[in-house]
Amino acid sequence: MATHTGADGTDPEMFARRASSFGAEAAAYAEHRPDYPEAGVRWALGSRDGALDVLDLGAGTGKLSASLVALGHRVTAVEPDDGMRGELVRLLPSVTALAGGAEAIPLPDASVDAVVVGQAFHWFDQERALPEIARVLRPGGTLGAVWNTDDDRVEWIAGLGKASSGRVSFLDWASGRGIEPHAAFTPVENADFPHRQPRTIDSLLATIATHSHVLVLEPAEREALLGRVREYLLTRPETSGGSFDLEIVTREQRCALK
Ligand SMILES: C[S@@+](CC[C@H](N)C(=O)[O-])C[C@H]1O[C@@H](n2cnc3c(N)ncnc32)[C@H](O)[C@@H]1O
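Throughout what follows, the structure given in this document is the object of discussion. Bear in mind the structure is a predicted one, so any value in this text is a computation, not a measurement.

1. Concerning the pairing of strand β7 (residues 244-256)
Move 1: Across the 13 residues of β7, 10 count as buried, placing the element largely inside the fold.
Move 2: Bridge analysis of strand β5 (residues 137-150) against β7 gives nine bridges, and the strand direction is antiparallel. Across the sheet, G144 pairs through a bridge with R254, a residue of β7.
Move 3: Bridge count between strand β6 (residues 189-199) and β7: 11 bridges; the pairing is antiparallel. Residue pairing for β7: R199 is matched across the bridge by F244.

Set out below in structure tokens:
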């Protein structure tokens, strides 16, 4: 992780802490984080038909793996965090789950048709990860990266972003951590997919509590941040009444091995 220089004003040590923070709340992550829209998952796989051998890299608790299995693909999940991988194994026993990271993938050369990455590519050291991804892909294989982002074209959701940002918030999809052009891959394509998640104030707060910039805070600071967000949601007519939908834009990138 030494190459992350804190482009958003955060130092490499905090970056590394955030990247490895998720396992502390793995069960809550699995329960509350959104899944991915089916059309977006198909696009991230290169819009190909038929069952593929797919690597879900940085698989976490298996949000993306679950969609891949549902579409009939053969899935191998690689995830460095024991807590996150433990949830994945519990929830998706049919998926082969391996300990490892994007910079040293524990798979043989040319062993998968596609690599997909859910909400995790921004944590990778791309200089090391992209050659590794190229190594494990078969000829013509594809790389797809997906991120669920709150749709801040909606006014109350833009306000939520402000209310929930804290001392070490720094990343969003647009902050330059997507797939960079690389000689081994075709030019990167981009696409957005609409998505939504039914929410209550409590479930939305439970989700925000699984974000890395919240996970790394001291308990008092974390409670203060979540309290601020609760107050905000109670003031908004869209959310104060009980159930509501959180509008999501699933932002994606893909490319193929040259
Ligand atoms: C926000 S979670 C996303 C999990 C899952 N892909 C999903 O869609 O919900 C980010 C995941 O990336 C993993 N991660 C962090 N650094 C990584 C790296 N260098 N290589 C592979 N995975 C990494 C974390 O352990 C965590 O499980």
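2. Brief notes about the pattern of salt bridges
Move 1: Tallied over the entire structure, the rule returns 16 salt bridges.
Move 2: The salt bridge partner of R85 is D82, with a shortest N-O separation of 2.8 Å. Of the two residues, R85 and D82 both sit in helix α5 (residues 82-91), three residues apart, roughly one turn of that helix.
Move 3: A salt bridge links D125 to R128; the shortest N-O distance between them is 3.5 Å.
Move 4: Members of the salt-bridge network, linked through shared partners, are D53, R74, D113 and R138.

3. With respect to the environment of R42
Move 1: Along the chain, R42 falls in helix α3 (residues 38-44).
Move 2: Distance from R42 to G144, taken between C-alpha atoms, is 9.7 Å for residues 102 residues apart in sequence.
Move 3: Those residues in contact with R42 that sit more than four places away from it in its chain are S47 and L71.

4. Overview of the pairing of strand β4 (residues 112-118)
Move 1: Among the seven residues in β4, seven count as buried, and that is most of the element.
Move 2: Of the pairings in the sheet, the one linking strand β1 (residues 53-57) to β4 comprises three bridges and is parallel in character. Among the inter-strand pairings, D56 is bridged to a residue of β4, identified as V116.
Move 3: Of the pairings in the sheet, the one linking β4 to β5 comprises six bridges and is parallel in character. What sits directly across from V116, in β5, is G144.
Move 4: Between the parallel elements β4 and β5, the chain passes through helix α6 (residues 126-136) in a crossover that is right-handed.

Cut-offs used in this document
- In this convention, every chain numbers its residues from 1, walking through the sequence in written order.
- Only residues with pLDDT of 70 or above have their local features reported here, since the model is predicted, and side-chain atom pairs are shown and tallied only from 80 upward, although totals for entire chains, interfaces and linings are computed over all residues.
- Water and hydrogen atoms were dropped before computing side-chain values, which therefore reflect all heavy atoms in the structure.
- Note on classification: 1.4 Å probe, protein chains only; a residue is buried when its accessible area is under 20% of the maximum for its type, exposed when over 50%, partly exposed between these limits.
- We count a stretch as a helix when DSSP gives it H or I for four or more residues in a row; a strand needs E for two or more, and each element gets its number in order from the N terminus.
- Strand pairing is assigned whenever DSSP detects at least two bridges linking the two strands.
- Put simply, a salt bridge is a Lys or Arg side-chain nitrogen that is within 4 Å of an Asp or Glu carboxyl oxygen.
- Contacts: residue pairs with any heavy atoms within 4.5 Å of one another.
- By convention a crossover is right-handed if, when the strands point away from the viewer, the path from the first strand over the helix to the second runs clockwise.

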